[in-house]
Amino acid sequence: MASPAPGVQNKNRVAILADLDKEKRRLIHNSSMNNPAARPALNKAFRDHTEQQHIAAQQEAALQHAHTHSSGFFITQDSSFGNLILPVLPQPDPPSAAELQNL
């Protein structure tokens, strides 16, 4: 049997190399999707903004729930312990001089 012409051999080689390159790119893409460390990092500012919006929505929902189901006063404030809202205790007025004399 006669060997293929040189032009046909080159076309076959180019086709094989193109298929290999396509397969290589597909494998690299799949491995990067499965490996979170290989994914491109999201813009930190965007991530922070999204997180702040989420926290604000949670604070608002917690505050609304507390005001609906409690007679106390609450405020939204960042807490070292992860609390979304904090109770506020009213400070009583200091006793007047006349009240102090009656004690």
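Residues numbered from 1 in each chain as written. Predicted model: local features only at pLDDT ≥ 70, side-chain atom pairs only at ≥ 80, totals over all residues. Heavy atoms only, no water.

Visitor: Break down the pattern of salt bridges for me, with residues and values.
Guide: Using the criterion set out here, one finds two salt bridges in the structure. The closest approach of N and O atoms between Arg25 and Asp21, which form a salt bridge, is 3.2 Å. On the criterion of helical spacing, the pair formed by Arg25 and Asp21 is a turn pair, its members being four residues apart in helix 1 (residues 6-34). With a closest N to O distance of 2.5 Å, Glu23 and Arg26 form a salt bridge. (Salt bridge = Lys/Arg side-chain N within 4 Å of Asp/Glu carboxyl O. Helix = DSSP H or I, 4+ residues; strand = E, 2+ residues; numbered from the N terminus.)

Visitor: Explain the confidence of the model for the protein to me, using residue names and the numbers behind them.
Guide: Per-chain confidence: the protein averages 78 in pLDDT, with 82% of residues scoring 70 or above. When pLDDT is averaged over each element of the protein, strand 2 (residues 85-88) comes out on top at 86 and helix 3 (residues 97-102) at the bottom at 78. (pLDDT = per-residue confidence, 0-100.)

Visitor: Tell me about the environment of Gln58, residues and numbers included.
Guide: Take Gln58: it is sitting in helix 2 (residues 44-69). Judged by its relative accessible area of 35%, Gln58 is partly exposed. Here the alpha-carbon distance between Gln58 and Ile85, two residues 27 residues apart in the chain, equals 9.6 Å. (Buried < 20%, exposed > 50% of the residue type's maximum accessible area, 1.4 Å probe, protein only.)

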